[in-house]
Amino acid sequence: MLNPPRDDDVNNGETMSAKNAKLLLDDAEYQFPVVQGTEGELGIDIRALRSTAGAITLDEGYANTGSTRSAITFVDGRRGILRYRGYPIEDLCEKSSFIEVAYLLIFGELPGQEQFAYFDRSVRRHSMIMEDIKQYYDVWPRKGHPMAYLSSIVSALSTYYEDSLDPFDPRQVEISVHRLLAKLPTIAAYAYKKSVGQPKIYPLNRLGYGENILHMMFAVPTEEYEVDKEIARALEQALIVHADHEQNCSTSTVRMVGSSYANIFASIAAGVLALWGPLHGGANQAVIEMLERIHSDGGGLNKWIDRAKDKDDAFRLMGFGHRVYQNYDPRATILKEASHRVLDKLGVHDPLLEIALELEEVALKDSYFVERKLYPNVDFYSGIIYKAMGFPVKMFPVLFAIGRLPGWIAHWKEMFESEETRISRPRQIYNGYPERKYLPLEKR
Ligand code: CMC
C-alpha cells in the first residue's frame, strides 16, 4: 500500500518522513519509509524488513529491487528517456565528444576548458601499455574471443600499477581512471591485430579517442592510413550512447565486486565479463549473427518471427526487448539514423540493414511484440554500423565495453564516495533438503 506522490514531494532521494508503505504479514503491520527520486520514482526502503518482520523480499533478477541511490543516469523506460547527469542523450550525441561525456559521467559536471584540457591530455598520454603485456597476446589462441583478452589484461594491469590500487586515495583513483580510459582501446585493438596476424599498431596521441581506435585497428605499418573524421565521429557517437545505463548487469557487477573493496582494475575486469553474455553486451554480436542466418536462409521473416514467439524454441529476436524500456530505446533511434549515415558515407550496401529495417517493421506490427512492449534496443543497429566500419563481429561487444567504461568507473567511484555503501550480499530463500544424515560410501 503506497501513498501516491504529489509534485512537491520531490526531494533528491531523501527518505520522506511524511510517506510510508504498510506491510501486513499475518496479523502484524509494519511500516517502511518511502524514498522518492528527483524524477518522482518511488522506492520502499525495506532495510528494516528482516529485523522487524523476520522476512526478506524475493525478486529474481532484481527487476523490482533498487540496489542504490545514484545521481549518474536517469532512464524512463515508459517514455523512452535517457539522460546522463541530467543531459539528454540526444544532445550529448550531437554536441559532445566521448572524452567530455566520460568526464561528465565520472565527475558529475561538464568540464571547464582547463579541466577538459588536463583530462584529455592525460588520457591521451597514458595510451600505451607496457611492452611485456604484449607477451600475453603471443601465448593465447589467435581466435580467442577479444572479451577474454580485454578482461584478463585489464585485471593484469593491477599487477603493473600496484602503487595505485587504493580505492580510498583520490590521487591513486584518478591515475587509475586515466590509465583505464587510455589503455582499453589499445588492449582491444591489439587483440584484433593478433586475431588477423598483423603487427600491433601503437596509439597516436595526437588523435582523438575515436580516431585512435580506428587507427590502431585498421592501420598497417606498410601503408599510410588516414582516419576518416566523419567515421571517427560516428564511432564516438556510438560509444556515447553506450556510456552508461544505470544499474544494468555489468555495472551492478562492477559495483558488487568493488563493494568488497576490490581494486578498480579487478572491478572493471569483472564488468567486462558480465557484459560478454548475449543477453547483455554480446547482443550486438548475436544480432548480426541472427541477421546473417536470416539472410543466408533466404526465406521470409515470418518464420523467424514465429520462432521468436514460440516458447518451446530457444530462438529470440536479438536486439529486441529490454528490462527497462517499454518504448523505443532512444539509443536505437540514434543508431538507426546513424547507420544510414555511415553506410551512405562509406558507400556500403548491406542487405543486413534492409533485413533489420524490415524485421523491425514486421515485429512492431505483431501483437506478440506490441503486447509485451518489445522494441529494438541499442544493439539492434549498432552492429550494422560497426560492420560497415570494418570491425569483425567479435569486436562488437568489445566496442560496447569501451563505450561503457566511463559508466562503470562513475558507478564504482560513486559507490566508494557514498557513506551508505555496504558490501553487496543478497539473501536467499533456501529450498533445498532439510538436514540429512551422512551415509558412508559403502552404504549408498
Ligand atoms: N524475442 C522474443 N520474445 C522476447 C524477447 C525477444 N527478444 N525479449 C523478451 N521476450 C518475451 C519473453 O519471452 C517474455 O514473454 P512472456 O511474458 O510470454 O514469458 C516477455 O517478452 C518478457 O521478457 P523477459 O525475458 O521476461 O524480459 P527480461 O526483462 O527478463 O529480459 C532481455 C530482457 C533484454 C534480456 C530480453 O528482452 C532479451 O533476451 N532480448 C534479446 C537480447 C538482447 O537484445 N539483449 C540486449 C539488451 S539491451 C543492451 C544491454 O543493456 O545489454
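The coordinates are above.
Let me sum up the structure you'll find in this document. In this text, all values refer to a predicted model and were calculated from it rather than measured experimentally. (Residues numbered from 1 in each chain as written. Predicted model: local features only at pLDDT ≥ 70, side-chain atom pairs only at ≥ 80, totals over all residues. Heavy atoms only, no water.)

## As for the overall build of the protein
Selection rule: Labels follow the DSSP assignment, with helices taken as runs of H or I lasting at least four residues and strands as runs of E lasting at least two, numbered in each case from the N terminus. For the radius of gyration, the atom set is restricted to C-alpha positions; the globular benchmark scales as 2.2 Å times the number of residues to the power 0.38. Residue contacts are counted whenever heavy atoms from the two residues lie within 4.5 Å of one another. The method behind every accessible area is Shrake-Rupley, applied with a 1.4 Å probe, and residues are considered shielded solely by the protein chains displayed. We count Lys and Arg on the positive side and Asp and Glu on the negative side, and we leave His and both chain ends out. For this purpose, a charge sits on NZ of Lys, CZ of Arg, CG of Asp or CD of Glu.
Within the protein, the secondary structure is distributed over 18 helices and six strands. Relative to the compact-globule value of 22 Å for 444 residues, the protein shows a C-alpha radius of gyration of 24 Å, a close match. By sequence separation, contacts in the protein at least 24 residues apart represent 69% of the contacts at least 6 residues apart. For the protein, the exposed surface amounts to about 22,900 Å²; the carbon and sulfur share of it is 50%. Here the protein carries 52 positive and 61 negative side-chain charges, and the mean point of each set is 4 Å from the other.

## Comments concerning the packing of aromatic side chains
How we decide: Side-chain rings of Phe, Tyr and Trp (the six-membered ring for Trp) are treated as a pair once their centres are within 6.5 Å; stacked means planes under 30 degrees apart, edge-to-face means over 60, and tilted covers the remaining angles. Note on classification: 1.4 Å probe, protein chains only; a residue is buried when its accessible area is under 20% of the maximum for its type, exposed when over 50%, partly exposed between these limits.
Under the criterion given, the structure shown has 23 aromatic pairs. For the ring pair Tyr-161 and Phe-265, a centre distance of 6.3 Å and an interplane angle of 25° mean the geometry is stacked. Separated by 104 residues along the polypeptide, Tyr-161 in the loop between α6 (146-160) and α7 (170-196) and Phe-265 in helix α11 (residues 264-275) bring together distant segments of the chain. Note on accessibility: Tyr-161 and Phe-265 belong to one class, buried. Relative to Tyr-375, the ring of Tyr-328 has its centre 6.4 Å away and its plane inclined at 55°; by these criteria the two rings are tilted. Linking Tyr-328 in the loop between α13 (302-309) and α14 (330-346) with Tyr-375 in the loop between α16 (367-371) and α17 (379-389), this pair joins segments that are 47 residues apart in sequence.

## Quick notes on the packing of helix α8 (residues 209-218) against helix α9 (residues 229-242)
Worth spelling out the cut-off: Between N-to-C directions, angles span 0 to 180 degrees; the directions come from axes that are lines fitted to C-alpha atoms, helices contributing only their stretch in contact. Roughly parallel refers to an angle under 35 degrees, roughly antiparallel to one over 145, roughly perpendicular to one between 65 and 115, and oblique to any angle outside these ranges. For this classification, Asp, Glu, Lys and Arg are treated as charged, while Ala, Val, Leu, Ile, Met, Phe, Trp, Tyr, Cys and Pro are nonpolar and the rest, including Gly, are polar.
At a minimum axis distance of 8 Å, the contact between α8 and α9 shows a crossing angle of 110°. If you check the angle between α8 and α9, you find them roughly perpendicular. Residues Tyr-209, Gly-210, Glu-211, Ile-213 and Leu-214 of α8 form the contact with α9, whose participating residues are Lys-229, Ile-231, Ala-232, Leu-235, Glu-236 and Leu-239. A breakdown of the residues in the contact of α8 with α9 according to their chemical character gives seven nonpolar, one polar and three charged.

By themselves these figures say nothing about function.
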